[in-house]
Structures are given as structure tokens and as C-alpha cells.
Amino acid sequence: MTTKRTEEELANIEMAKRLKKKEVVDQRIAAATEERGVSILLTGNGKGKSSSAFGTMARALGHGHYATVVQFIKGRKATGEQLFFGKHPQVDFHVMGHGFTWETRNPELEQEAANQAWAVAQQALSNPDINFVLLDEITYMYKYGYLNVADLLQALASRPVNQNVMMTGRTAPRALIDTVDTHSKIADERHAFAHGVKAQQGIEW
């Protein structure tokens, strides 16, 4: 009988904790009354920044939203996200043309491509018909000095009120980190590549 009462007491304590937690969450939900788009920045050395951003975009598309993607890094191969979302009727997909790559460095071509990509991004950030803008790997443009972060901050501040924006890259200027609504940093705990596993289609690109 004593054991049963003890179990009941523990159950009651646990229930009280859950109710208290629910009360706190409900209060936060009730306090969040502002309706507007948000800016989200994903940084860090861990794998999954772009994957997370494209996953969020897929969620937006599921609700009938329209999206623009600007990828600021050009790879040797077409990525799975480009092959899939590039054909989607609700997505306007742009990959930096002849510019920045991980394999070669040509500052003149990179600067020209950065300017072209930013021009596309600016158009999207001023278009009220675009619900979701993904600026993939854009932070490298500031690391290497090809773009001015002040221009991005101005575009974010003046964009349509309900437009959501996601930006990715390992590092980001402090001014951008301090301005965005949400900043998540993805840590690198373990990666198959470091243990000799070859990068593969459908996972790395």
C-alpha cells in the first residue's frame, strides 16, 4: 500500500510539472501576437545547414508559398536540390554562374558572379509575391569581401512584411548575426568523411 501511494505521489508530482510547463508554453504562445516574416541564419561547421534550409522551403511549398533560391557557391556537379526544386513550379532557382567555387579561385569572375547573384537576391527580397527566400552559402561572400553586409541588412529590413528569409554559411558577420530573428549554429560532432567514407550522391550533393 505504501508503494502504491508513493507511485501515485510521484505521478502527481510529474503531472504537476507537466502542467506547469504547459502553462509557461501557453503563456509564451499567447504573448507571441506579432505576425510577420522572419529572418533565419544557419551557421557552424556541422553538416546540415543547406539541408535544413531546403527542408524548411519544402514545408513552405507545401502550404502553396512561392520561393526563390540563390546559391552563392557553384559546385562541379548539379546538386539534388537543384535537380528537384529547379523544376518545381513554385520555385525560382538560381545558381551562381561562373563564379565562386571550392576548386578554383578567380577573383574577377567571382566578383562578377557575386554581383549578379546579389542582383537576383535583391529582386526577390523586394518582391511581395515571393513568400520564401533562400540565400544559400551567402555568408562566404562577406568572408571574402565580395559583397557588403550593409546592403543585405538594408534589404532584409525593407523586404515585404510577410516574407521569410533563410541564409546559410559556416561563418557570418557579427552585424548579420545580431540582426536576424533566429540564429542556429550547427556543430560538427562527427562526420563520415573524416573516417574515410566517400562523399556520395543524395547525401553531400
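What comes next concerns the included structure. What you see is a predicted model, and the numbers here were worked out from it, not measured in a lab. (Residues numbered from 1 in each chain as written. Predicted model: local features only at pLDDT ≥ 70, side-chain atom pairs only at ≥ 80, totals over all residues. Heavy atoms only, no water.)

Things to note about the sheet that holds strand β4 (residues 132-136)
Taken in spatial order, the six strands make up an open sheet running β3-β2-β4-β5-β1-β6, and their pairing is parallel. Either end of the sheet is taken by a strand with one partner, and the two such strands are β3 (91-95) and β6 (182-185). Across the sheet, the axes of successive neighbouring strands diverge by a mean angle of 10°, strand direction being ignored. Relative to strand β5 (residues 164-168), strand β1 (residues 39-43) runs parallel, the two sharing four bridges. Bridging across to β5, Ile40 finds its partner in Met166. (Pairing = 2+ DSSP bridges. Helix = DSSP H or I, 4+ residues; strand = E, 2+ residues; numbered from the N terminus. Axes fitted to C-alpha atoms, helices over the stretch in contact; angles between N-to-C directions.)

A look at helix α4 (residues 107-125)
Helix length check: α4, at 19 residues, gives a terminal C-alpha distance of 26 Å against a target of 27 Å (1.5 Å per residue), a fit within 8%. Where α4 is buried, its residues touch β2 (67-71), β3, β4, α5 (139-143), α6 (149-158) and β5. (Expected span 1.5 Å × (residues − 1). Contact = heavy atoms within 4.5 Å.)

Some points on the packing of aromatic side chains
Enumeration over the complete set of coordinates arrives at three aromatic pairs. Relative to Phe85, the ring of Phe54 has its centre 5.7 Å away and its plane inclined at 15°; by these criteria the two rings are stacked. Here the residue Phe54 occupies a position in helix α2 (residues 49-62), and Phe85 occupies one in helix α3 (residues 80-85), the gap between them amounting to 31 residues. Phe85 sits in the buried class, given a relative accessible area of 9%. Here the aromatic cluster, defined as three or more aromatic residues joined through ring pairs, consists of Phe54, Phe84, Phe85 and Phe93. (Phe/Tyr/Trp six-rings, centres within 6.5 Å; stacked < 30°, edge-to-face > 60°. Buried < 20%, exposed > 50% of the residue type's maximum accessible area, 1.4 Å probe, protein only.)

Here we look at the nonpolar core
Nonpolar side chains tend to gather and get buried jointly when the protein is soluble and globular. The biggest cluster of nonpolar side chains holds 32 residues, and the ones touching the most others in it are Phe72, Leu125, Leu135, Leu152, Met167 and Leu176. Listing elements by their share of this core, those giving two or more residues are α4, β4, α5, α6, β5 and α7 (174-179). Take this core: its biggest share by element is eight residues, from α4. Once you skip the residues sitting within four places of it in the chain, Leu135 turns out to touch Val70, Phe72, Ala121, Leu125, Leu152, Val165, Met166, Met167 and Thr168. Within the second largest apolar cluster, 15 residues are counted, among which are Ala53, Met57, Val69 and Met166. (Core = buried A, V, L, I, M, F, W, Y, C linked by side-chain atoms within 4.5 Å.)

What about the pattern of salt bridges?
Going through the model one piece at a time under the given rule, you end up with three salt bridges. Note that Glu14 and Arg18 form a salt bridge whose closest N and O atoms lie 3.4 Å from each other. Note that Glu14 and Arg18 are positioned in helix α1 (residues 2-31) at a spacing of four residues, about one turn of the helix. Accessibility expressed as a relative area gives 37% for Glu14, which makes it partly exposed. Given a relative accessible area of 55%, Arg18 falls into the exposed group. Two residues, Arg36 and Asp181, come together in a salt bridge whose shortest N-O distance is 2.8 Å. Within this pair, whereas Arg36 is found in the loop between α1 and β1, its partner Asp181 is found in the loop between α7 and β6, the two being separated by 145 residues in sequence. The class for Asp181 is partly exposed, based on a relative accessible area of 37%. (Salt bridge = Lys/Arg side-chain N within 4 Å of Asp/Glu carboxyl O.)

Let's talk about the pairing of β1
Burial of β1 is extensive: five of the five residues sit out of reach of the surface. Going residue by residue along β1, you find Ser39, Leu41 and Thr43 tucked away on one face and Ile40 and Leu42 tucked away on the opposite face as well. Of the strand pairs in this sheet, β1 and β6 are connected by four bridges, and their pairing is parallel. Bridge pairing links Leu42 to Ser184 in β6.

Quick look at unusual backbone geometry
Even without glycine at this site, Glu137 takes up a positive phi of about 65°. Within the secondary structure, Glu137 sits in the loop between β4 and α5. With a relative accessible area of 18%, Glu137 lands in the buried category.

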